[in-house]
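The chain contents come next:
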Amino acid sequence: MNHSLIATFFPFIGQVDLSGYLMVVFILCILAVIGFEFVNGFHDTANAVATVIYTKALKPIYAIPWSGTWNFLGVFLGGVTVAMGILKLVPLDKLMTLPISVGACLVLSVLLASIIWNLGTWYLGIPCSSSHTMIGAMIGAGLAFTWYYNGPGVNWEKAEEIGSSLILSPIIGFGAAALLMLFLKHVTKSHALFHIPSGENDRPPIHIRILLITTCTLVSFFHGSNDGQKGVGLFMLILIAFLPARFAVNHAIPNSKISATLNQTEQVIAKKLENNAAKEIVLTKLMDAVNQTKACLAEKNEKEAAKTYRYRKQVESVVKDIRALLKDNRVTLSLEEKETLTLASNELEHVTDFAPVWVIAIISLSLGLGTMIGWKRIVVTIGEKIGNEHLNYAQGATSEIVAASTIGLSTAFGLPVSTTHVLSSGIAGAMVASGGKGNLNSKTLKNIALAWVLTLPVAILLAMLLFMLFHLFI
């Protein structure tokens, strides 16, 4: 029965060899990650449409589907760099050596902790960050995992990198929006740009409407390309935890292509070893890794988790060693050799850092639909309660230009940021630039700040407790 359900609703997954409660938990996890991204749609993406709705540039009936569509495209076209960064927060390699039930505990605790806090803050109309929530939950589950199984539980280097981007992005959003707003005030002569709409039919001129709709589109697209990828990362975590032999590596890449890449790398290393009397350890280490990867490549298949795991580890080792060689000043490489090795490392990285198209499509659809259904609570907060005056056209445009730029650049560097924090801080910056700090609604800002401070510790604690609870049933 369970197998037929999987085949009916998720035909791309293929045959699933799970029995008993694990099959039920697997289905629940898939539904939970879809639910998380759906909640993310009406929790975070609502920020993108708040400005066009409150400046009367678009009516909600048009703005919501428009934003949802561009969120869908953002996830679909945004790549998987951010998704893989999220995935690397948890002890994935250690997880693949343990029983599937352990992975089920970790995945469920992350998903449920994220959904519970997201729904709670949405219900209260507080623009809290889904990114903060999910990352906190992953850290909490990783800490609980360490408590039970020792070894590395959280990739603290990656957590620090992600944490820095989450902390800096709202500061950048506030400062950049304030500066852009001041620039517009002193440079532009268009009084219409600073008009505050006062009635339902008080709509902006066509050129300002185009500007506001364009910025809304950009924020929606880049939100999808950044926040949407977090859902892709969670979905891949589920697939790797429950079906490691199938999804720990990209079996769609032909073995012949991997062999050719390894051979090209080997040729460069062999040439360097011939001309390097000192036999630098970085060269011999990489040569050993290439040879071991070739052996693992011959053995790997979609049914044996242990062999797939060894292959994944070896590919990761080769990529790491290639990049170490490229940075090593003791070994002189020609431009052609550097290009060959760089291309090889990028090609091999696709073996481990990937997401099937159908995963991206499911997450895209969930995010897009979520945007269209539960947008109103957060939109009201963004549009009416951050400042003490109604949003004017310039404030809406500047905050969204800054948000789109910040999120787009973060996606390009593979760093997750919070659309909520960037945009709400951008609006706050634009409000301050317009009328000083007295123009801000202190009560709303205190609620947002409180949620911002509490989100990480609450998500960490909640995920830890849930992991411990679920672990009782193993």
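Before reading on, note that the structure itself is shown above.
Residues numbered from 1 in each chain as written. Predicted model: local features only at pLDDT ≥ 70, side-chain atom pairs only at ≥ 80, totals over all residues. Heavy atoms only, no water.

**Considering the packing of helix α7 (residues 100–123) against helix α10 (residues 206–242)**
So, point 1. The interhelical angle for the contact between α7 and α10, taken along N-to-C directions, is 160°, at an axis separation of 8 Å. The angle between the axes of α7 and α10 places the two elements in the roughly antiparallel class. Regarding α7 and α10, the two cross each other, and that crossing is left-handed. Counted together, I100, G103, A104, L106, V107, V110 and L111 of α7 and L234, L237, I238, A241 and F242 of α10 form the full contact between these two elements. (Axes fitted to C-alpha atoms, helices over the stretch in contact; angles between N-to-C directions. Helix = DSSP H or I, 4+ residues; strand = E, 2+ residues; numbered from the N terminus. Parallel < 35°, antiparallel > 145°, perpendicular 65-115°, else oblique. Left-handed = near helix turned anticlockwise from the far one by under 90°. Contact = heavy atoms within 4.5 Å.)

**Observations regarding the environment of F413**
So, point 1. Turning to its location among the elements, F413 is positioned in the loop between α18 (393–412) and α19 (419–435).
So, point 2. F413 sits 331 residues away from V82 along the chain, and the two C-alpha atoms are 8.3 Å apart.

**Regarding the environment of A50**
So, point 1. If you trace the backbone, A50 turns up in helix α3 (residues 46–54).
So, point 2. Among the residues examined, A50 registers a relative accessible area of 0% and is labelled buried.
So, point 3. Distance in space between the C-alpha atoms of A50 and A63 is 9.1 Å, their sequence separation being 13 residues. (Buried < 20%, exposed > 50% of the residue type's maximum accessible area, 1.4 Å probe, protein only.)

**Considerations on the packing of aromatic side chains**
So, point 1. Within this structure, the stated rule accounts for 10 aromatic pairs.
So, point 2. Ring geometry for F26 and F242: centres 5.2 Å apart, planes at 50°, overall tilted. A residue pair is termed long-range when its members are at least 10 positions apart, and F26 in helix α2 (residues 21–43) and F242 in helix α10 qualify at 216 residues. Residues F26 and F242 agree in their burial class; the two are buried.
So, point 3. When the ring of F145 is compared with that of Y149, the centres are 5.3 Å apart and the planes differ by 35°; the resulting orientation is tilted. Of the two residues, F145 and Y149 are both situated in helix α8 (residues 130–149); the distance of four residues between them amounts to about one turn of the helix.
So, point 4. These aromatic residues form a ring-pair network of at least three members: W66, W70, F221 and F222. (Phe/Tyr/Trp six-rings, centres within 6.5 Å; stacked < 30°, edge-to-face > 60°.)

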